[in-house]
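Residue-level structural notes
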Amino acid sequence: MRGKLDISGLKRVLARYPKALDAEMRKALEQHGLYFRQKMITDRFTGYTGNRNQGDKLQNRSGQLRRSFGSEVVGGIGQSTPLTLAVFSQGSIYSRLQEYGGVIKPKKAKYLTVPLDDALTPSGVQRYPSARDLFNRYPDQVRVIKVKSGRLFIVSDGKPGSKPPKRKKRQSDLVWLYQLKKSVKVPARLGFRATWYSSDLVADRVQRLNDAVKRASARAGA
């Protein structure tokens, strides 16, 4: 006895499958890229308490770093490269420094001017363009002092631009604006790579790609 197996249906499925898989995988990678971006924003920026020394959160001052996270799906069928998800941070000069850490030193001046609380708004944005600008605008009010520890600070007799007190100047009248430092060490704390390899992201990738395979099979007629 002889039996015959008609594989014409299988051939049609296999012919349609690569295109279906490319489309579904592309969709899954795009969604995963958006999920990664949201995790970065939520885990690294949301919930900042106002303590600038808080190690597990980053302060969102201008929003530039938070907006820099993105993703793009490239390659695939008809392209010269395999289907790939690229996640990145672009448009921010701070991202690499925040990810790997490093030491900042002044390029032209002798000191860095590190803003203190009185020079910042409640959201952490600098109130003044620069320390130099304050010296130019209020030369009789802004000055540099050295404390007993030897550290240097830029202070103002009262709020910059306000009318100085008539009584003899007291230390309590000083507004502490900037600390002068020869260098500032920035810790590695962005967590870009750590977030990508976290258990949540790995689980999400596995789930989305498995679902994409199932959808592609159904789409091809399997």
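Residues numbered from 1 in each chain as written. Predicted model: local features only at pLDDT ≥ 70, side-chain atom pairs only at ≥ 80, totals over all residues. Heavy atoms only, no water.

1. Quick notes on the environment of Gly-9
Secondary-structure assignment places Gly-9 in helix H1 (residues 8-44). Overall, the relative accessible area of 28% leaves Gly-9 in the partly exposed class. (Helix = DSSP H or I, 4+ residues; strand = E, 2+ residues; numbered from the N terminus. Buried < 20%, exposed > 50% of the residue type's maximum accessible area, 1.4 Å probe, protein only.)

2. Some thoughts on the packing of aromatic side chains
Going through the model one piece at a time under the given rule, you end up with five aromatic pairs. Seen in terms of ring centroids, Phe-69 and Phe-192 are 6.3 Å apart; in terms of plane orientation they differ by 35°. Their pairing is tilted. Here the residue Phe-69 occupies a position in strand S1 (residues 69-74), and Phe-192 occupies one in helix H5 (residues 192-196), the gap between them amounting to 123 residues. When sorted by exposure, Phe-69 lands in the same class as Phe-192, which is buried. Summarising the aromatic geometry, the rings of Phe-153 and Trp-176 are spaced 5.2 Å apart at their centres and angled 80° between planes, so their arrangement reads as edge-to-face. Taken as a pair, Phe-153 in strand S6 (residues 152-157) and Trp-176 in strand S7 (residues 174-181) lie far apart in primary sequence, 23 residues in all. Note on Trp-176: relative accessible area 23%, which makes it partly exposed. Put simply, the rings of Phe-36, Phe-45, Phe-69, Phe-192 and Trp-196 touch in pairs and so form one group of aromatic residues. Across from the ring centre of Trp-196, 4.1 Å away, lies the NZ or CZ of Arg-205, which sits over that ring. (Phe/Tyr/Trp six-rings, centres within 6.5 Å; stacked < 30°, edge-to-face > 60°. Lys NZ or Arg CZ within 6 Å of the ring centre and 35° of its normal.)

3. A short note on the sheet that holds S6
What the four strands build is an open sheet, ordered S4-S7-S6-S5; its pairing is antiparallel. At either margin of the open sheet sits one strand with a lone partner, and together these are strand S4 (112-115) and strand S5 (142-146). Strand-to-strand twist in this sheet, taken as the mean axis angle between neighbours without regard to direction, amounts to 35°. As judged from the four bridges shared by S4 and S7, these two strands associate in the antiparallel manner. Residue pairing in the sheet places Pro-115 in a bridge with Tyr-178 of S7. (Pairing = 2+ DSSP bridges. Axes fitted to C-alpha atoms, helices over the stretch in contact; angles between N-to-C directions.)

4. Quick look at the nonpolar core
Of all hydrophobic cores here, the largest spans 14 residues; its most connected members are Phe-36, Met-40, Phe-69, Leu-190 and Phe-192. Elements represented by at least two residues in this core include exactly H1, S1 and H5. With four residues, H1 is the single largest residue contributor to this core. In contact with Phe-36, other than residues within four places in its own chain, are Val-87, Phe-192, Thr-195, Trp-196 and Leu-201. (Core = buried A, V, L, I, M, F, W, Y, C linked by side-chain atoms within 4.5 Å. Contact = heavy atoms within 4.5 Å.)

5. Considering the pattern of salt bridges
Going through the model one piece at a time under the given rule, you end up with 10 salt bridges. For the salt bridge of Lys-27 with Glu-24, the shortest nitrogen-to-oxygen distance reads 3.8 Å. With Lys-27 and Glu-24 both in helix H1 and three residues apart, the pair spans about one turn of that helix. Judged by relative accessible area, Glu-24 falls into the buried class, the value being 5%. A salt bridge links Asp-43 to Lys-39; the nearest nitrogen and oxygen atoms lie 3.2 Å apart. With Asp-43 and Lys-39 both in helix H1 and four residues apart, this pair spans about one turn of that helix. When its relative accessible area of 29% is taken as the criterion, Asp-43 is described as partly exposed. Assessed through its relative accessible area of 14%, Lys-39 is described here as buried. (Salt bridge = Lys/Arg side-chain N within 4 Å of Asp/Glu carboxyl O.)

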